[in-house]
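Each chain is listed here by its residues.
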Amino acid sequence: MSSPQLRRQDRQLPDAEARALLVRAYSGRLGTVGADGWPYVVPLLHVFSGDEIGVHNTAVRGHLRENVERDARACFEVDEPVEVFDYGRFECDSGLAYRSAIAYGRIRIVDDRAAKSRFFDALLAKYGTGVPGRPKSFYPRLDDVTVYAIAMERITGKVCPLPPPAEQWPALDRTKSPNARP
């Protein structure tokens, strides 16, 4: 898989940190390619282990399932917004400190019931409430959901750190249009 170069090499997140972000991110966005060539993106809860991202959705055939069955190319994006900061004297001179990661790969439907149960065990280990007295590993509607697995082929990560106060406006003026007048 060819990989375009990150324009801002100074903001590249190391591979290990991008993977750690995939593990801890609360949710992400799955992108697939529609029959018409248009991207389709849906927010989903996920688990990441090794080089595979697991997600789930309804078993009812819809846009996502049709895309996956037609074209296995997919990407999965997660991010952590940190804080909006000002860098210049105009309101539009603002930036966002963040971390993000995008995993690219091939997506498939997981049909094996044992594998689907393992996915839900991992999902509930991450998102479950842990309320006592509720049966563990009991999935009566397992056939009503589709589990997808994305085999990650590459990952890119990006970080824009929050500048220290001394490097934010008004302490430092980094206005992009210095000759502009309001």
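Up top is the structure these notes are about.
A. Here's a closer look at the layout of surface pockets. There is about 550 Å³ of room inside the largest pocket. Along the wall of the largest pocket there are 20 residues; nearest its centre are Leu124, Arg134, Pro135, Phe138 and Tyr139. For the lining of the largest pocket, the class distribution of residues is eleven nonpolar, five polar and four charged.

B. Up close: the pattern of salt bridges. Evaluated as defined, the whole model comprises 14 salt bridges. One salt bridge in this structure joins Arg8 and Asp10, with 2.7 Å as the shortest N-O distance. The partly exposed category is assigned to Arg8, whose relative accessible area is 27%. The shortest N-O distance in the salt bridge between Glu80 and Arg24 comes to 2.6 Å. One end of the pair, Glu80, is in strand 5 (residues 73-86); the other, Arg24, is in helix 1 (residues 15-24), and 56 residues separate them in sequence.

C. Just the nonpolar core, in detail. Of all hydrophobic cores here, the largest spans 24 residues; its most connected members are Leu22, Leu30, Ile53, Val55, Phe76, Val78 and Ile107. Elements with a minimum of two residues in this core: helix 1, strand 2 (39-44), strand 4 (52-58), helix 2 (63-70), strand 5, strand 6 (94-110) and strand 7 (145-160). Residue contributions to this core peak at five residues, all from strand 7. In this view, Ile107 contacts Leu30, Val68, Ala72, Ala74, Tyr148, Ala149 and Ile150; residues no more than four positions away in its chain are not counted. Membership of the second largest hydrophobic core comes to twelve residues, among which are Ala115, Phe119, Phe120 and Tyr127.

D. Structural view of the sheet that holds strand 1 (residues 28-33). An order of 2-1-5-6-7-4-3 is seen for the seven strands of this open sheet, with the pairing classed as antiparallel. Because the sheet does not close on itself, it has two edges, and the strands there are strand 2 and strand 3 (47-49). Across this sheet, the average inter-strand angle for adjacent strands is 30°, counted without regard to direction.

So, how was this worked out
Residues numbered from 1 in each chain as written. Predicted model: local features only at pLDDT ≥ 70, side-chain atom pairs only at ≥ 80, totals over all residues. Heavy atoms only, no water. 1 Å grid on protein atoms, 1.4 Å probe; cavity = no way out; pocket = protein on both sides within 12 Å on 5 of 7 lines; lining within 4 Å. Points joined across faces, edges and corners; volume = space filled by probe spheres on them. Nonpolar A, V, L, I, M, F, W, Y, C, P; charged D, E, K, R; others polar. Salt bridge = Lys/Arg side-chain N within 4 Å of Asp/Glu carboxyl O. Buried < 20%, exposed > 50% of the residue type's maximum accessible area, 1.4 Å probe, protein only. Helix = DSSP H or I, 4+ residues; strand = E, 2+ residues; numbered from the N terminus. Core = buried A, V, L, I, M, F, W, Y, C linked by side-chain atoms within 4.5 Å. Contact = heavy atoms within 4.5 Å. Pairing = 2+ DSSP bridges. Axes fitted to C-alpha atoms, helices over the stretch in contact; angles between N-to-C directions.

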